[in-house]
Structures are given as C-alpha cells and as structure tokens.
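Chain by chain, the residues run as shown.
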Amino acid sequence: MNLVYLRFELLRLFRNKRFVIFSLVLPLALFETIGHSNKADVIPGTNGLKFITFFMVSMAGYGAMIGALAGGARIAAERSAGWSRLLRLTPLKPRNYLIGKVLTAYVMSCCSVALLFIAGSIEGVRIDGFGRWAEMTGLILLGILPFIALGIIMGHKLTVDTMSPALGIGAAIFAVLGGMWGPGTSSGTMRDIGEWVPSYWIAQASHVGVGGDVWGSKGWLVVLGWSLLLGALAAQAFRRDTQRV
Amino acid sequence: MTTMSAGIELISLAKTFNGPNGPVHAVRGVDITIAPGETVALLGPNGAGKSTTIDMLLGLLHPDAGTVSLFGMTPAEAVAAGAIGVMLQSGAVLRDLSVRELLTMMASLYPKPLDVGEALELAGITDIAKQRSDKLSGGQTQRVRFALAMISNPDLLVLDEPTVALDVEARRDFWATMRGFSERGKTVIFATHYLEEADSYSDRIILLARGEVVADGPPTEIKARVGSRTIRATLAGVGADVLEQLPGVSRAERRGEAITLICSDSDAALRALLTTYEDARDLNVSGAGLEQAFLELTADAGDLS
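This text gives an overview of the structure that appears in the document. Per chain, residues are indexed from 1 in the order of the written sequence. Following the order in which they are written, the chains are lettered starting with A and the ligands numbered starting with 1. In view of the model being predicted, local features appear only for residues whose pLDDT reaches at least 70, and side-chain atom pairs are presented and counted only at 80 or more, with totals across whole chains, interfaces and linings using the full set of residues. For the side-chain quantities, the full set of heavy atoms in the structure was used; hydrogens and water were omitted.

## Thoughts on the packing of helix α3 (residues 51-80) of chain A against helix α10 (residues 198-208) of chain A
All names here are of chain A. Here an angle of 0 to 180 degrees is reported between the N-to-C directions of two axes, which are lines fitted to C-alpha atoms, with helices fitted over the stretch in contact. Where helices and strands are cited, they refer to DSSP runs of H or I of at least four residues and of E of at least two residues respectively, numbered from the N terminus. Two elements in contact, α3 and α10, have axes whose closest approach is 8 Å; the angle formed by their N-to-C orientations is 140°. Handedness of the crossing formed by α3 with α10: right-handed. Contacts between α3 and α10 involve Phe-54, Val-57, Ser-58, Gly-61 and Met-65 on the former and, on the latter, Ser-199, Ile-202, Ser-206 and His-207. Just so you know the grouping, Ala, Val, Leu, Ile, Met, Phe, Trp, Tyr, Cys and Pro go in nonpolar, Asp, Glu, Lys and Arg go in charged, and all remaining residues, Gly too, go in polar. Taken together, the residues of the contact of α3 with α10 sort by class into four nonpolar, five polar and no charged. Left-handed describes a crossing in which the near helix is turned anticlockwise from the far one by less than a right angle; the clockwise case is right-handed. By definition in these notes, contact holds between two residues if any of their heavy atoms fall within 4.5 Å.

Below, the structure is given as structure tokens:
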C-alpha cells in the first residue's frame, strides 16, 4: 500500500468542510440536542436504562453508518473533476484505490463514533464493562462494511447534484428500517423485514453496549452477505466507470 | 529485436456507439504508426473521432475491432509501467490540496517519477506551488495539469485538446513549455482542432474526419491541402476537366451553371479564370476553413455509411 497516497487521501478528507460537517457534526448535534434535553429520562419497561445512554449508543451506530456512506460519496465529486479518469491512467491498482476509499470511510466513521463517546462521557454516560464496550464498537465497525461498499457504488453511479439528497434520504430509510432511531417495537412485519437489512444489525450492535446480545448466526450472515454482494458490485461499478462525465 | 524500440501502433481500430438515432461509427478502421520521439498532431473537427481514438489508445475504451500497442505493450501494461503521461480535456485537479501536494501525491504512484520541484519548474508553476488548486486561473490550472502529465516522467505524453480554454498568449506559453519537455526525446501525441497549432508544434499531422484518417504527413504538406481557398462563380459551357487545367486550381466541380474551384493558389487561379473566361460572373473567394477542407478531403473517399 502506498502511504504517501493514503496520507493525502486523508488530508483531503479533513479539508473538505461540507463533508466533515455532514458526517461528524450531524450525529453529534442530534445527540447533544435530543440527548441532553432528555438526560434524566429512564426508558420505561427496562431495568432503569437511561435514555441518554441508549441514545448515545444508537447515535454511535448511526454516525458510523453515515460516515461509511459519505466516504464513498466523495467519488462523485472526483469523477466530475475528471480525477477518476486520470487515476486510471496511473499505475495505482484498483484494489489499492478501493482499499484507500474503505480506509478513509473507516477513519470518518471512527472519528464520528469517538466524538459521540466523548460527548456521552461528558454528559455522564457510562457503559458497564470494557468488554461490552469493545464488543459494541467492534460489531458497529463490522456492521458498516456493507454501507462503505454502498457509498462507493453511489459515488460511481450518481452525480454531485443527486448525491446529497440520495445520501440524506438513503440514510434515513436505512435508519428507520433498521430501527436505529429509537427502541422501536421489536415485533411484527417491520422487524421481519428489518432483520434482513444491514442497518438493523448496526442497531443491534449498538444495543450490546446497553445489555443487548451480540449477533447470532443470522446477524453474521446478513452483514457478511451484504458486504460480499455490495463489495462485488462496488468493484464492478469502479471497473465500468471509465466514461467521460 | 527489442520491443523497447517499438513505437506506437494502432491497427484497424474501430468503435461504434449506440446513439439515439441508431449506431454512430465514431472510429472506423484507423491505422496509425508513430516512431519514438515524434510529436504528432491529431487534427480534426469536432466529432472526427479524435477523443475516441485517444481513449482507445489509453485503454479507457475497448475497441470493437483492432489493436493498440504502446512500445510493445498493451495500454494497461504501459499505464502500469508509468510509461504514459496524460493531460485530459478538462478538470483533473482536486480542490482540497495545494499544487505541490497534488504533484507529490501523484508522483508517489509511479515507479520512476520526476522530482516534484523539477516538474514545478518545467511547468513554470514554482511560484504557485503552495496555492490550493481550486484558486488558480485557467492558464495556471492548465500548467498544473501539464505538470501532472509530466510527473511520471513518461515516454509518451498524450494531450487531449490541451489549449482549448486558453487565450492566445497562454496558448503560446503552453506550447513553449511543452517543447521543453518533448526535446527530452519524448513521444508526444496531441489532439487539436486548430490547424495553426498542429502546424506550428508538430512534426507530423494526422488528419481525422468522420472516424477515418484522411491525410497523414508533414505539416507543410497537410497545410497546403487544407489551407486551400475556394472560388465559386457562374460560368456556362466550360467543363470541370477543362477548368482543372487552370493554374492554381487543384480540383474543379460543376453543378449546372455554378462552378467551384478548389485552389492551391487562389490568386493565380482567379487571374487565369477572369482572363480566359470573360463571362465568368458572381465571383466569390472564400477560405476553405478547416471544416470545409475536411469535407472536401473526405468527399473523395466516398460515403461509407
């Protein structure tokens, strides 16, 4: 892997203000406004689980997902600048190009999660046990793999103009389908559908931090299945995308 | 026999696109051989197939038929070896990096790149090295893109309409810079639709029209062919074959009473026409213009579609 190339990819990431605001500030702002104002609430029907704790782990999963999607979305701007075509005319291997995109998406997601944990701890949120915290964070970061691939596909298929609405609406749909925005009802058709959507398992990963179970075989199957499928489609989208834009 | 001495070979290249009104034959059977060190202009009007030919040469487009060989390699192999430097028609400058950072990033991708400082100097942009690349003028941006094309220290430099957005002065500056690089023994192929540019800066002009090579030779020869003027007049009773014998006339046509003389020397032709045929009237002399010249050159080839 070419470290100079990676270094500048990351530098570009943090210099892009609009991108940083979208993927870092939005989940954090949601947490600070909604979480802070309901700080003392306890979620009914639970064993004294504080709303703000639940909301922090949920927002960590949501923020990670947005960072993952937005990582690939930058490709649309690079294509419209003719940059992607130019990169194809360098010895940069497609595999290394995609690794670069996946890593930058991960850096974004990790920053988002870290910021939420810091904000949460300032608000007095505590997760019981390091093991539980590590399991939650690890599963969240695995669970966003399909979304990194989806972001790359979107980057190659959409234009700069259609990207923002597609990202906003796409993220909202996945959040609702996966039950990321609240405790939700855990039965019925919504859940049956939700279990096959990868964002559901990001939400489940978040819940590990507040006493939920780690993924069973179905969770691994859904996340890995979508990762492989979308990963293959992302590689194909990159290979086919050689036209002038 | 070494493959390294081989230059660039395009053999029977063809590409057809599906357009809204049926298939568009963008390139139909192009054969071009270029020796190492040559500077070649691909000259043609819009839609002649220049960009499609270049895209196939670079491996960005797969030809429907024919082969491309670059120094004995396929386009993909030549790209992987860092043997090609490319300046695309537009864009290709990222916003979030300075000029120096952009060049450093790109240099890191190649096996034997130029020193970044040397590339900056060659392109004449040392003074703007620290500026963000989105805050540059058109001419400066063009120089940055040229530096990006040179940074790999390529054997072949491909420039697709490199001066299309530049004013006259910036254009002249650009070509002076390019000359500096090609004098290092590089092979250069550039596409343009300016005859003067092809004439002044290439060793050889390849004329493309309607997806075919219609002329290929040194600039002086091509210029004589497409730099022609046309005389139109009304004149009855004289055959085209007779008119073709007039001094300065290379070709004559007749449609009813209207005659058209394609001239290599329109002054001599006009003088001769008026002296020989006193009843010639409605005279009109026009510079052929590149488009017109192309149409006339391709008229001989017949319509293939």
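## Considerations on the interface of chain B and chain A
With 33 residues of chain B in contact, the opposing surface of chain A contributes 24 residues. Contact between chain B and chain A buries roughly 2500 Å² in total, counting both sides, with carbon and sulfur atoms accounting for 66%. Buried area: the accessible surface (1.4 Å probe) lost by two parts on joining, summed over both. By the criterion of area lost to chain A, the three top residues of chain B are Leu60(B), Met105(B) and Leu109(B), representing 25% of everything that side buries. The salt bridge definition used is simple: a Lys or Arg side-chain nitrogen within 4 Å of an Asp or Glu carboxyl oxygen. Put simply, chain B and chain A have two salt bridges between them. Here a polar contact means two N or O atoms within 3.5 Å. Within protein one must be a hydrogen donor candidate and the other an acceptor candidate, and residues neighboring in sequence count only if both atoms are side-chain atoms. Along the contact surface separating chain B from chain A lie four residue pairs in polar contact (both at pLDDT 80 or more). Among the elements of the structure, α1 (50-58), α2 (75-80), β5 (84-87) and α3 (99-107) of chain B are those that each provide at least two residues to the side of chain B that touches chain A. With five residues, α3(B) is the single largest residue contributor to the side of chain B that touches chain A.

## Notes on the packing of α3(A) against helix α7 (residues 145-157) of chain A
All names here are of chain A. Packing of α3 against α7 brings their axes to within 7 Å, and their N-to-C directions diverge by 20°. Overall, the two elements α3 and α7 adopt an arrangement that is roughly parallel. Note that α3 runs across α7; the crossing there is right-handed. Residues Met-65, Ala-68, Leu-69, Gly-72, Ala-73, Ile-75, Ala-76 and Arg-79 of α3 form the contact with α7, whose own contacting residues are Phe-147, Ile-148, Leu-150, Gly-151, Ile-152, Met-154, Gly-155, His-156 and Lys-157. A class-by-class count of the residues in the contact of α3 with α7 yields eleven nonpolar, four polar and two charged. The scheme is simple: roughly parallel for angles under 35 degrees, roughly antiparallel for over 145, roughly perpendicular for 65 to 115, oblique for anything else.

## Examining the packing of aromatic side chains
Only Phe, Tyr and Trp rings take part, Trp by its six-membered ring, and two of them pair if their centres are within 6.5 Å. Stacked means planes under 30 degrees apart, edge-to-face means over 60, and tilted covers everything else. Per the counting criterion, the structure on display carries 13 aromatic pairs over all chains. With centroids separated by 5.5 Å and ring planes inclined at 35°, the aromatic side chains of Phe130(A) and Trp133(A) adopt a geometry described as tilted. With Phe130(A) and Trp133(A) both in helix α6 (residues 130-143), this residue pair falls three residues apart, about one helical turn. Its relative accessible area of 63% is what places Phe130(A) among the exposed residues. Their ring planes at 70° and their centres at 5.3 Å tell us that Phe146(B) and Phe174(B) sit as a pair that is edge-to-face. A residue pair is termed long-range when its members are at least 10 positions apart, and Phe146(B) in helix α5 (residues 138-150) and Phe174(B) in helix α6 (residues 168-182) qualify at 28 residues. The burial state of Phe146(B) is the same as that of Phe174(B); both residues are buried. Members of the aromatic cluster, each reached through a chain of ring pairs, are Phe146(B), Phe174(B), Trp175(B), Phe181(B), Phe190(B) and Tyr201(B). Partly exposed describes any residue whose relative accessible area lies between the buried limit of under 20% and the exposed limit of over 50%, with all areas from a 1.4 Å probe on protein chains only and scaled to the type maximum.

## Focus: unusual backbone geometry
All names here are of chain B. Not every positive phi belongs to a glycine, and Phe-71 is a case in point at roughly 50°. You can see Phe-71 is positioned in the loop between β4 (65-70) and α2. The phi torsion at Asn-153 lies on the positive side, around 55°, for a residue other than glycine. Here Asn-153 shows up in the loop between α5 and β6 (156-160).

## Some points on the pairing of strand β3 (residues 39-43) of chain B
Residues and elements named next belong to chain B. Across the five residues that make up β3, a large majority, five, are buried. The two faces of β3 match: Thr-39, Ala-41 and Leu-43 on one face and Val-40 and Leu-42 on the other face are all buried. We treat two strands as partners when DSSP finds at least two bridges between them. Inspection of the sheet shows β3 paired to strand β7 (residues 187-192) by five bridges, in the parallel sense. Note that in β7 the partner of Ala-41 across the bridge is Phe-190. Where β3 meets strand β8 (residues 204-209), four bridges bridge the pair, whose relative direction is parallel. Each residue of the ladder has a partner; that of Leu-43, found in β8, is Leu-207.

## Notes on the nonpolar core
Formed by 151 residues in total, the largest nonpolar core has its most connected members in Ile8(B), Leu58(B), Leu70(B), Ile84(B), Val144(B), Phe146(B) and Leu159(B). No other element matches α3(A), which puts 18 residues into this core. Those residues within four positions of Leu159(B) in sequence are excluded, and the remaining contacts are Ile54(B), Met87(B), Phe146(B), Phe174(B), Met178(B), Val188(B), Ile189(B), Phe190(B) and Ala191(B). Only buried Ala, Val, Leu, Ile, Met, Phe, Trp, Tyr and Cys residues count toward a nonpolar core, and they belong to the same one when joined by side-chain atoms within 4.5 Å. Core analysis: the second largest hydrophobic core is formed by 16 residues, Leu243(B), Ala252(B), Leu261(B) and Tyr277(B) among them.

## A short note on the side chain of Asp96(B)
Considering the arrangement of structural elements, one finds Asp96(B) in the loop between β5 and α3. Look at Asp96(B): it is buried, it has no salt bridge, and the nearest opposite charge is Arg95(B) at 4.1 Å. Once residues within four sequence positions are removed from consideration, Asp96(B) is found in contact with Arg12(A), Arg15(A), Asn16(A) and Arg132(B). Under this rule, positive means Lys or Arg and negative means Asp or Glu; His and the chain ends count for nothing.

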